[in-house]
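# A look at the structure
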Amino acid sequence: EGAFYVYPSVEGLIGKTAPSGKVITSDQDFAVELLEAEGVAVVHGAAFGLSPHFRVSYATANSVLEEACTRIQRFCASLK
């Protein structure tokens, strides 16, 4: 029970373009585009004063986390 989080940085992705054509200008843009492209819900770090990061909860099954990480990696690789 409880909540556990990790806050990866998206600093290196700022300025890149998502498959939708939207330029990632913030961690909030990253979170929105990730949700739309891959169906992975994360919270932008600015909501916690931790920009340019995003929050991932890892208080779930390993299989769910592995799938989410695969989708996040695929999305990041698709940015141009």
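Please read all numbers here as calculations on a predicted model, not as lab measurements.

## Considerations on unusual backbone geometry
Put simply, serine 51 and proline 52 share a cis peptide bond, and its omega is 5 degrees. Tracing the backbone through its elements, the reader meets proline 52 in the loop between β2 (43-44) and β3 (54-57).

## Structural notes on the packing of aromatic side chains
Taken as a whole and assessed by the stated rule, the structure comprises four aromatic pairs. Ring centres of phenylalanine 4 and tyrosine 58 lie 5.8 Å apart, and the angle between their planes is 35 degrees; on these two criteria the pair is classed as tilted. Taken together, the residues span a long stretch of sequence, with phenylalanine 4 in the segment before β1 (5-6) and tyrosine 58 in the loop between β3 and α2 (62-78) at a distance of 54 residues. Note on phenylalanine 4: relative accessible area 41%, which makes it partly exposed. Given the relative accessible area of 40%, tyrosine 58 is considered partly exposed. On the numbers, 4.8 Å between centres and 35 degrees between planes, the contact of phenylalanine 30 with phenylalanine 54 is tilted. With a gap of 24 residues between them, phenylalanine 30 in helix α1 (residues 27-38) and phenylalanine 54 in strand β3 connect regions that are remote in the sequence. For the pair formed by phenylalanine 30 and phenylalanine 54, the shared burial category is buried. In textbook terms, an aromatic cluster arises when at least three aromatic residues are bridged by ring pairs, as seen for Phe30, Phe54 and Phe75.

## Comments concerning α2
Counted at 1.5 Å a residue, the expected span for α2 with its 17 residues is 24 Å, and the 24 Å between its end C-alpha atoms agrees. Every buried residue of α2 is accounted for by Leu65, Ile72 and Phe75. Angularly, the buried residues of α2 cover 90 degrees about the axis, an arc narrow enough to put them on a single face. Away from its buried face by more than 90 degrees, α2 exposes Asn62, Ser63, Glu66, Gln73 and Ala77. Buried residues belonging to α2 abut α1 and β3.

Cut-offs applied
- Residues numbered from 1 in each chain as written.
- Predicted model: local features only at pLDDT ≥ 70, side-chain atom pairs only at ≥ 80, totals over all residues.
- Heavy atoms only, no water.
- Helix = DSSP H or I, 4+ residues; strand = E, 2+ residues; numbered from the N terminus.
- Phe/Tyr/Trp six-rings, centres within 6.5 Å; stacked < 30°, edge-to-face > 60°.
- Buried < 20%, exposed > 50% of the residue type's maximum accessible area, 1.4 Å probe, protein only.
- Expected span 1.5 Å × (residues − 1).
- Arc of directions from axis to C-beta.
- Contact = heavy atoms within 4.5 Å.

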